[in-house]
Amino acid sequence: MKTVAEVIRNKANAYVYSVDSEDSLLDGLRILAEQRIGALVVLSGGRLVGIVSERDYVRKVALAERSLLNTKINEIMTSEVISVGPRDSVQYCMELMTERRLRHLPVLAEGELIGLLSIGDLVKETIAEQADLIRQLEQYIRGEIP
């Protein structure tokens with residue numbers, strides 16, 4: 001099973017989009033829409049302090065009785081961020097995301113943000129690993145692998 005570091009290294013676009021905790025919600029929503037992504041990491045002084053997602057917007061803002069677009073990101077972000085490290089396995093990440101109902105996992109190495117994994121990244125990697133295993137088993141059955 002591959003590690004988080006391997007998945008990040010193989011991502012087509014490993015750039016992590018972020019906002020400052022003092023930015024407006026509207027600024028964050030613009031980035032989400034322009035980049036066609038589902039979540040942004042929230043930084044303060046260059047350190048990870050939260051994550052804000054489309055889900056946060058729907059649950060905390062869209063259901064409010066007034067427009068909160070000028071609200072600061074830190075007022076709606078999820079501040080209890082669950083993260084993983086580069087040595088964690090894809091399987092561990094999948095289990096964590098399933099149990100905690102997460103769609104995005106920041107990746108930290110020695111306290112520094114080095115990447116962001118989505119559930120799509122992990123599903124893609126799992127499918128690729130299973131396809132490779134099937135290919136190897138078929139080759140073994142055909143006698144192509146001793």
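Computed from a predicted model, the values in this text were never measured in an experiment.

Peer 1: Sorry, what's going on with the layout of surface pockets here?
Peer 2: A water-sized probe rolled over the atoms picks out the places where empty space is left. Size it by volume and the largest pocket reaches roughly 460 Å³. What lines the largest pocket is a set of 18 residues, and nearest its centre among them are Ile51, Ser53, Arg55, Thr78 and Leu102. Listing elements by their share of the lining of the largest pocket, those giving two or more residues are β3 (47-53) and α3 (54-62). Ranked by residue count, the leading element in the lining of the largest pocket is α3, at five residues. A class-by-class count of the residues in the lining of the largest pocket yields five nonpolar, four polar and nine charged. Taken as a whole, the second largest pocket holds about 260 Å³ of empty space. Residue lining of the second largest pocket: 15 residues in total, with Lys11, Tyr15, Tyr17, Ile37 and Leu116 positioned closest to the centre. Of the residues forming the lining of the second largest pocket, the biggest block, three residues, is contributed by strand β5 (residues 112-118). By residue class, the composition of the lining of the second largest pocket is seven nonpolar, five polar and three charged.

Rules used throughout
Residues numbered from 1 in each chain as written. Predicted model: local features only at pLDDT ≥ 70, side-chain atom pairs only at ≥ 80, totals over all residues. Heavy atoms only, no water. 1 Å grid on protein atoms, 1.4 Å probe; cavity = no way out; pocket = protein on both sides within 12 Å on 5 of 7 lines; lining within 4 Å. Points joined across faces, edges and corners; volume = space filled by probe spheres on them. Helix = DSSP H or I, 4+ residues; strand = E, 2+ residues; numbered from the N terminus. Nonpolar A, V, L, I, M, F, W, Y, C, P; charged D, E, K, R; others polar.

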